[in-house]
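# Residue-level structure breakdown
Spelled out from the first residue to the last, the chains are:
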Amino acid sequence: MDKHFLTPLFAPASIAAFVGQPSDPGGQTALGRTLREAFRAERFDGTLRFLDVCTQGTLEELAQTHADLALIALAPRDVAAALEIAGRIGCKAAVVISTGIAAEQAAQWRKIARREGVHLLGPNSLGFQRPPLHLNASVAGPLARTGPLALVSQSGALTASMLDWARQNGVGFSSVVSLGPHTSVDIPQVLDFLANDPATHSIIVYLEGIADARRFMSALRSASHAKPVVVLKAGRKPAGNEAAQTHSAAIVGSDDVFDAALRRAGAVRVRSFVELFSAAKCLASRYRPVGKRLAVVTNGGGPGVLAADWINEIGLDLGRLSAPAQRSLQPSLPALASLTDLIDLSEDATPAHFRAAIDTASADSQIDGVLAIFSPKAGVDAAATARALADIPRPMPKPLLSCWMGDASVGNARAVLAEATIPSFRTPEAAVGAFGNIAAFYQNQQLLQQTPPPLSALAKPDIDGARLLIESVLAERRKVLTEMESKSLLSCFHIPITRTLLARSANEAMMIATQLGFPVALKIDSPDISHKSDVEGVALNVMNGTSARDTYLEMMERVAQLAPDARINGVTVQKMVRARRGREIYVGLVTDQPFGPVIVFGAGGTMIELMKDRAMELPPLNQFLARHLIDRSRVAETLGEWRGANAVNMEAIEDVLLRVSEMVCELPELREMDINPIIVDEHGAVSVDARIVVDSSTQAVASPAGNGYHHLAIMPYPARYRREWPLPGGGAYVVRPVHPNDAQMLQALVQGLSPESRWFRFVSRFHELPPSMLSRFTLIDYDREMALVATIMERSTAPDGTVLDTERIVGVSRYITNPDQTSCEFSLVVADEFNGKGIGSRLMESIIDVARDRGLSEMDGLVLAGNPDMLKLVRRLGFSVKPFPEDPDFKLVTYPL
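Residues numbered from 1 in each chain as written. Predicted model: local features only at pLDDT ≥ 70, side-chain atom pairs only at ≥ 80, totals over all residues. Heavy atoms only, no water.

## Quick word on the overall build of the chain
Inclusion rule: Only DSSP runs of H or I with at least four residues qualify as helices, and only runs of E with at least two residues qualify as strands; both kinds are numbered from the N terminus onward. Each radius of gyration is computed over the set of C-alpha atoms, and the globule rule expresses the reference value as 2.2 Å times the number of residues to the power 0.38. Categorising residues by exposure relies on relative accessible area from a 1.4 Å probe, with only protein chains included: less than 20% of the type maximum marks a residue as buried, more than 50% marks it as exposed, and the intermediate range marks it as partly exposed. In what follows, a contact means two residues having at least one pair of non-hydrogen atoms within 4.5 Å. All accessibility values rest on the Shrake-Rupley procedure with a 1.4 Å probe; residue burial counts only the protein chains present in the view. In this tally, Lys and Arg are treated as positive and Asp and Glu as negative; His is ignored, and so are the chain termini. Charge positions come from single atoms, namely NZ of Lys, CZ of Arg, CG of Asp or CD of Glu.
Each helix and strand in the chain was counted, giving 29 helices and 36 strands. A globule of 897 residues ought to have a C-alpha radius of gyration of about 29 Å, and the chain, at 32 Å, matches this closely. The 897 residues of the chain split such that 57% are buried. The contacts of the chain with a sequence gap of at least 6 include a subset with a gap of at least 24, amounting to 71%. Counting only carbon and sulfur atoms, one obtains 50% of the accessible surface of the chain, whose full area is about 37500 Å². For the chain, the centre of its 89 positive side-chain charges and the centre of its 98 negative side-chain charges are spaced 2 Å apart.

## Quick word on the packing of aromatic side chains
Quick reminder of the rule: Only the six-membered ring of Trp is used, alongside the rings of Phe and Tyr, when aromatic pairs are assigned; centres must lie within 6.5 Å, and planes under 30 degrees apart are stacked while those over 60 apart are edge-to-face, with the rest tilted. We call a charge positioned over a ring when the NZ of a Lys or the CZ of an Arg lies within 6 Å of the ring centre and within 35 degrees of the ring normal.
Considering all chains together, one arrives at 11 aromatic pairs under this definition. Geometrically, the ring pair formed by phenylalanine 762 and phenylalanine 766 is tilted, given 5.2 Å between the ring centres and 45° between the ring planes. Judged on exposure class, the residue phenylalanine 762 and its partner phenylalanine 766 are both buried. Sitting above the plane of the phenylalanine 258 ring, lysine 233 keeps its charged end 5.4 Å from the centroid. Positioned over the ring face of tryptophan 759 is arginine 765, at 4.3 Å from the centre of the ring.

## Things to note about the sheet that holds strand E34 (residues 858-864)
Heads up, the condition is: Pairing between strands is defined by DSSP: at least two bridges between the two strands are required. Geometry is summarised by axes, namely lines fitted to C-alpha atoms with helices restricted to the contacting stretch, and by angles between N-to-C directions that run from 0 to 180 degrees.
Taken in spatial order, the eight strands of this open sheet run E29-E30-E31-E32-E33-E34-E36-E35, and their pairing is mixed. Two strands lie at the open edges of the sheet, namely strand E29 (723-726) and strand E35 (880-883), each paired on one side alone. Adjacent strand axes in the sheet meet at a mean angle of 30°, parallel and antiparallel pairs treated alike. Pairing analysis gives three bridges linking strand E33 (residues 823-830) to E34, with the strands arranged parallel. Note that in E34 the partner of serine 823 across the bridge is glutamate 858.

## Thoughts on helix H19 (residues 483-492)
Of all 10 residues making up H19, seven are buried, and the element is well covered by its neighbours. Within H19 the residues assigned to the buried category are Glu483, Glu485, Ser486, Lys487, Leu489, Leu490 and Cys492. Backbone geometry just after H19 places histidine 494 at a positive phi near 60°.

## Examining the packing of helix H14 (residues 351-363) against helix H15 (residues 382-390)
Rule in force here: Here the word oblique covers every angle except those under 35 degrees (roughly parallel), over 145 (roughly antiparallel) and from 65 to 115 (roughly perpendicular). By definition, turning the near helix anticlockwise from the far helix through less than a right angle yields a left-handed crossing, and turning it clockwise yields a right-handed one. Gly is placed with the polar residues, together with every amino acid not listed as nonpolar (Ala, Val, Leu, Ile, Met, Phe, Trp, Tyr, Cys and Pro) or charged (Asp, Glu, Lys and Arg).
Running from amino to carboxyl end, H14 crosses H15 at an angle of 30°, the nearest separation of the two axes being 8 Å. The angle between the axes of H14 and H15 places the two elements in the roughly parallel class. Handedness of the crossing formed by H14 with H15: right-handed. Note on element contacts: H15 touches H14 through Ala384, Thr385, Ala388 and Leu389, opposite Pro351, Phe354, Arg355 and Ile358. Looking at side-chain class alone, the contact of H14 with H15 contains six nonpolar, one polar and one charged residues.

## Description of helix H8 (residues 213-226)
What counts here: Expected helix span is taken as 1.5 Å per residue step, with the number of steps being one fewer than the number of residues. The definition of a polar contact used here is a pair of N or O atoms within 3.5 Å, where within protein one atom must be able to donate a hydrogen and the other to accept one, and adjacent residues in sequence count solely through side-chain atom pairs.
For H8, with 14 residues, the first-to-last C-alpha span of 20 Å sits near the 20 Å given by 1.5 Å per residue. A large share of H8 lies buried, amounting to 13 of its 14 residues. By the N-cap criterion, in which a side-chain oxygen at the helix start approaches the backbone nitrogen of a residue two or three places on, H8 is capped by aspartate 212, the distance to arginine 214 being 3.1 Å.

## A look at the side chain of glutamate 662
Within the secondary structure, glutamate 662 sits in helix H24 (residues 650-666). Sequence-distant contacts of glutamate 662, that is, excluding residues within four places in its chain, are made with Pro454, Leu455, Ser456, Pro461 and Phe493.

## Notes on the pattern of salt bridges
Cut-off, in case you're wondering: For this analysis, a salt bridge means a side-chain nitrogen from Lys or Arg found within 4 Å of a carboxyl oxygen belonging to Asp or Glu.
For the structure on display, the rule yields 43 salt bridges. A salt bridge links aspartate 197 to arginine 130; the shortest N-O distance between them is 3.0 Å. Of the two residues, aspartate 197 is situated in the loop between helix H7 (187-195) and strand E10 (202-207) and arginine 130 in strand E6 (residues 127-130); the sequence distance between them amounts to 67 residues. A relative accessible area of 7% means that aspartate 197 is categorised as buried. With a relative accessible area of 6%, arginine 130 lands in the buried category. Its salt-bridge partner being lysine 532, residue aspartate 689 comes within 3.3 Å of it at the nearest N-O pair. Of this pair, aspartate 689 sits in the loop between strand E27 (684-687) and strand E28 (690-694) while lysine 532 sits in the loop between strand E20 (520-525) and strand E21 (538-542); the two residues are 157 residues apart in sequence, bridging distant segments of the chain. Across the pair, exposure class does not vary: aspartate 689 and lysine 532 are buried alike. Here the residues in one salt-bridge network are Glu483, Lys487, Lys523, Lys532 and Asp689, joined through shared partners.

## Examining the packing of helix H20 (residues 506-516) against helix H21 (residues 545-562)
Contact geometry of H20 with H21 gives a least axis separation of 8 Å together with a crossing angle of 140°. Once H20 is placed against H21, the crossing between them reads as right-handed. Contact residues: H20 offers Ala506, Asn507, Ala509, Met510, Ala513 and Thr514, while H21 offers Gly545, Ala548, Arg549, Tyr552 and Leu553. Of the residues contributing to the contact of H20 with H21, the split by class is seven nonpolar, three polar and one charged.

## A closer look at the sheet that holds E20
Strand order across the open sheet formed by four strands is E19-E22-E20-E21, with antiparallel pairing between neighbours. Edge positions in the open sheet fall to strand E19 (500-503) and E21, since each of these has one partner strand only. Each neighbouring strand pair of the sheet contributes to a mean axis angle of 25°, computed without reference to strand direction. Bridging between E20 and strand E22 (residues 570-575) involves six bridges; their strand directions are antiparallel. Bridging across to E22, leucine 522 finds its partner in valine 573. Along the sheet face, H19 touches E19, E20 and E22 and points at about 155° away from the line of E19.

## Observations concerning the environment of aspartate 341
Structurally, the position occupied by aspartate 341 is in the loop between helix H13 (323-329) and strand E15 (343-344). By relative accessible area, which is 35% here, aspartate 341 ends up partly exposed. It is 63 Å that separates the C-alpha atoms of aspartate 341 and tyrosine 552, two residues lying 211 residues apart in sequence. If we skip the residues at most four places from it in the chain, aspartate 341 touches Leu318, Gly319 and Arg320. In this structure the side chain of aspartate 341 is engaged in a polar contact, spanning 2.6 Å, whose partner is the side chain of arginine 320.

## Notes on unusual backbone geometry
Backbone torsion omega between phenylalanine 518 and proline 519 reads -5°, so that peptide bond is classified as cis. Note that proline 519 resides in the loop between H20 and E20. That bond from asparagine 676 to proline 677 is cis: its omega, 0°, falls within 30 degrees of zero. Mapping proline 677 onto the fold places it in strand E26 (residues 670-681).

## Quick word on the pairing of strand E36 (residues 890-896)
Pairing geometry for E34 and E36, over seven bridges, is antiparallel. Looking at the pairing, glutamate 858 lines up with proline 896 of E36. Both E35 and E36 contribute to a ladder of four bridges, which runs antiparallel. Its bridge partner lying in E36, serine 880 is registered against threonine 894.

Here you go:
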């Protein structure tokens, strides 16, 4: 059960190939002939048998045939029969290599595959390659060379082009997977497999569409946590939604949302085919930078300046040598060398000078990566300089990129760099861009680590009151809340608002304004008017009661002329917010297809659509994500001390963002929202105006009580499963869901287990968890799996006498949903010194409760036959225990939920 469910597809021991007979022109397609030739060109490590759907034999012969994988490259009329035969001979996976298959035909084949228990890759797929296994199950060209890079592509043409480029540039692959538009095995499943594939160190993805955002984000987050993932997406949609009822929806395009989703998933996005190749070069070299400070070592000032300009243009920092490093390096360089900004070795630089400069920069803590630029010079051997780089011991502590400028005179040098797997580029800009793309991996990894709960630590909101308000609006068959309703909804979540009262007559407007105190603002209140300014429905700085009365009458008359069909509730009156040096910001919400709700932040006021300052983040948020969201906006530069004004209260802005995040999580009916403007100064923030759009017509909405938050692309941290239990003999322990920050505590638990306990849990003799397994166990998708940890607090005394309370993990139970989506597989481990204290039973009971709460029907697992304590525990809990047919050393235990 430890094998991934796609192992029969991507690592088969035996293959049945249905490619037609060469003697039958009608039965063998051009793709079938290509596939047969691919197997002739490369010998597969496992067993390969060619079968024919028309003449392949009797049921008795079928019973004697077994294969893990069926490769099908036949005319469409024969594919269904081949899939049925694949099921009968025990295939767990099949690849249908074809082009131009309609959705209806593909659906029929998927139905047959599901009935036969076969995972189907295709149709409209070129197949896949697994170079480490010498397996070319594709028609995308010769088998690629072996390497640490995996390619997943939704374009057959791009797949073939990428392989052709890789052959010329010395890039190897662990896997190459071509996915069609109607395939059953999709990108999330392939990413999930590659995340756990030891031969894959990094992944590049070409993406054209996403069917299920939650599954895509789950798989991408898991893969990105284990290894770098670079994504190129086609089909960008600009901002400018004509039907939008809020400013936020009008200025946010789906491409902006895709950027935000990739950042939150810890992946890196590139914008062009060329950038994808550049990123592939760096990834293939296994470089993983930890910052964005790039030092430039050059023998020419002009190319170095071009590189520095592009470093600044794309938001990187020019890496400068520290003063001690400069003093150490300067004596060994030519007299004209300069180390102030660029590491300019001058035209007199030799290979030894390049080597010394790169060694110094690599050892400097102020530098995260090094770019070596060589300009051809008379009497200087370009290849010898390249060999100086190639001779640097591996692995290098930091990324090293190269740019050998020119062409005819540097060809041999580039070959030397390629042989040494040092990424080489023809222009400084391309080299800097490649480093920038990979450096973004580190920045996005910080976002990936964030797993906030749906509710923050702030005062509890009035969720029931908010839901009643929305229900009343929907009961009236309305979707747009009035300003009064919108502000009431904000108040339920303790978002500061200006005191606002509704006047239904001119005299009421005058009396309310007098009570509030002048100056006041008057605004039309109508569920049918999205933008009040468009119908002259806003009046600011009304200074006295007479003006308030007259303004009311004039506004009602103007709006009646400009929007004659609009329903008018009256005019709202609110006191003007007087913050002499306050800044105007806005916080909004848009709903994207397919990523769902997205929180938007930027500069507010009447110029919002013109300025188009939009930073965005997927909910839920915590303080780190809220601050990161603020920092990415252009208005962030004005929030500190600015032109004589004091710095604003940043905590107040963060609190508003956290409150909006709570609203988004708990109110799935929200579709669009503008809180604009929010006036913020050193004293706090107050919302002046708000507009909210709701709708209940979506299948993504679910009640947060059970499997909730299905309207979110990222599952929040399930804090509701946290429980505290007493320990026998005194003290207590906490059972809670695992968190990414638990990695070191989990590793300590494994390291502290006895060899027998480690063997019982992992069937392995390792002393500690490998990094990939540790990341997979701590950053999980709470929707498809769950891990509960039992923790205690241990008290110790530091050498200075300080008393320290340290959290320690003493047990873990987990389950992961099986591919059938109805059952799950469990595991359990408890620290040896805590056996017999009831922690194992409590962890099992808790994980069973979670699985039942998620709607799963069965829990199963494998227990070593020689582990009597575990078998005794599961029997006591009600599990059935049976022999495991595939291995007599294990028992199969199952529990109906």
